[in-house]
Amino acid sequence: QVQVVESGGGLVQPGGSLSVSCAASGTIFSIVVMGWYRQAPGKQRELVARIISGGSVNYADSVKGRFTISRDNANNAVSLQMTSLKPEDTAVYYCNADLQMVAGGPTYRYWGQGTQVTVSS
């Protein structure tokens, strides 16, 4: 009923830039939060950045000043612009959407399939 599809990612050299995008589709009344998480090999999934429906934005300390999250409410989409990338940014990046399918209904969390970001020379 709901799909979250990511695009972008790939291989970039240290210091380079890359962007990833995500769009949610299906039975959606409202999206409360959209954001990006990442998981590196052998590590737990961690929050990278998220944007709440009122406009509030949260970033992980490790990406502040380097990553920028933006949201397109009309298209239920979110993008993450990554600059000054470091090898430690290498991970699978997952998009998530916390959304309501009907007015006044419960909030459900959906995940994308993940997209690989590799920072290496």
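Rules of the game
- Residues numbered from 1 in each chain as written.
- Predicted model: local features only at pLDDT ≥ 70, side-chain atom pairs only at ≥ 80, totals over all residues.
- Heavy atoms only, no water.
- Helix = DSSP H or I, 4+ residues; strand = E, 2+ residues; numbered from the N terminus.
- Buried < 20%, exposed > 50% of the residue type's maximum accessible area, 1.4 Å probe, protein only.
- Contact = heavy atoms within 4.5 Å.
- Areas by Shrake-Rupley, 256 points an atom, 1.4 Å probe, with all protein chains shown as cover.
- Lys, Arg positive; Asp, Glu negative; His and termini not counted.
- Charge placed at Lys NZ, Arg CZ, Asp CG, Glu CD.
- Disulfide = S-S within 2.5 Å.
- Pairing = 2+ DSSP bridges.

## Section: the overall build of the chain
Link 1 in the chain: When helices and strands are tallied, the chain shows zero helices and 11 strands.
Link 2 in the chain: When its helices and strands are written in sequence order, the chain yields β-β-β-β-β-β-β-β-β-β-β.
Link 3 in the chain: Its C-alpha atoms give the chain principal-axis dimensions of about 50 × 25 × 25 Å.
Link 4 in the chain: Taken across its 121 residues, the chain has 39% of its residues classed as buried.
Link 5 in the chain: Of the contacts made within the chain by residues no fewer than 6 positions apart, 56% connect residues no fewer than 24 positions apart.
Link 6 in the chain: For the chain, the computed accessible surface area is about 6200 Å², with 47% contributed by carbon and sulfur atoms.
Link 7 in the chain: Distance between charge centroids for the chain: 3 Å, based on 9 positive and 7 negative side chains.

## So, the environment of Leu18
Link 1 in the chain: Relative to the elements of secondary structure, Leu18 occurs in strand 3 (residues 18-26).
Link 2 in the chain: Since its relative accessible area comes to 16%, Leu18 is described here as buried.
Link 3 in the chain: Placed 66 residues apart in sequence, Leu18 and Ser84 show a C-alpha to C-alpha distance of 9.2 Å.
Link 4 in the chain: In contact with Leu18, other than residues within four places in its own chain, are Gly9, Gly10, Val12, Leu80, Gln81, Met82, Leu85 and Val117.

## A closer look at the state of the cysteines
As used here, a disulfide is simply a covalent bond connecting the sulfur atoms of two cysteines.
Link 1 in the chain: This structure, assessed with the given rule, holds one disulfide.
Link 2 in the chain: Here Cys22 is linked by a disulfide to Cys95, with a sulfur-sulfur distance of 2.0 Å. Torsion about the S-S bond of the Cys22 and Cys95 cystine: about -75°, corresponding to left-handed handedness. Of this pair, Cys22 sits in strand 3 while Cys95 sits in strand 9 (residues 91-100), placing them 73 residues apart in sequence.

## Quick notes on the environment of Ala97
Link 1 in the chain: Mapping Ala97 onto the fold places it in strand 9.
Link 2 in the chain: Contact partners of Ala97, with chain neighbours within four places excluded, come to Val4, Val33, Met34, Tyr108, Arg109 and Tyr110.

## Points about the pairing of strand 11 (residues 115-119)
Link 1 in the chain: Residue alternation in strand 11 divides its side chains into a buried set, Thr115, Val117 and Val119, and an unburied set, Gln116 and Thr118.
Link 2 in the chain: Across three bridges, strand 2 (residues 10-12) lies against strand 11 in parallel orientation. Within strand 11, the residue paired with Gly10 across the bridge is Val117.
Link 3 in the chain: Pairing of strand 9 with strand 11 involves three bridges; the strand directions are antiparallel. Of the residues in strand 11, the one forming a bridge with Ala91 is Val117.

Purely spatial values, then, with no claim about function.
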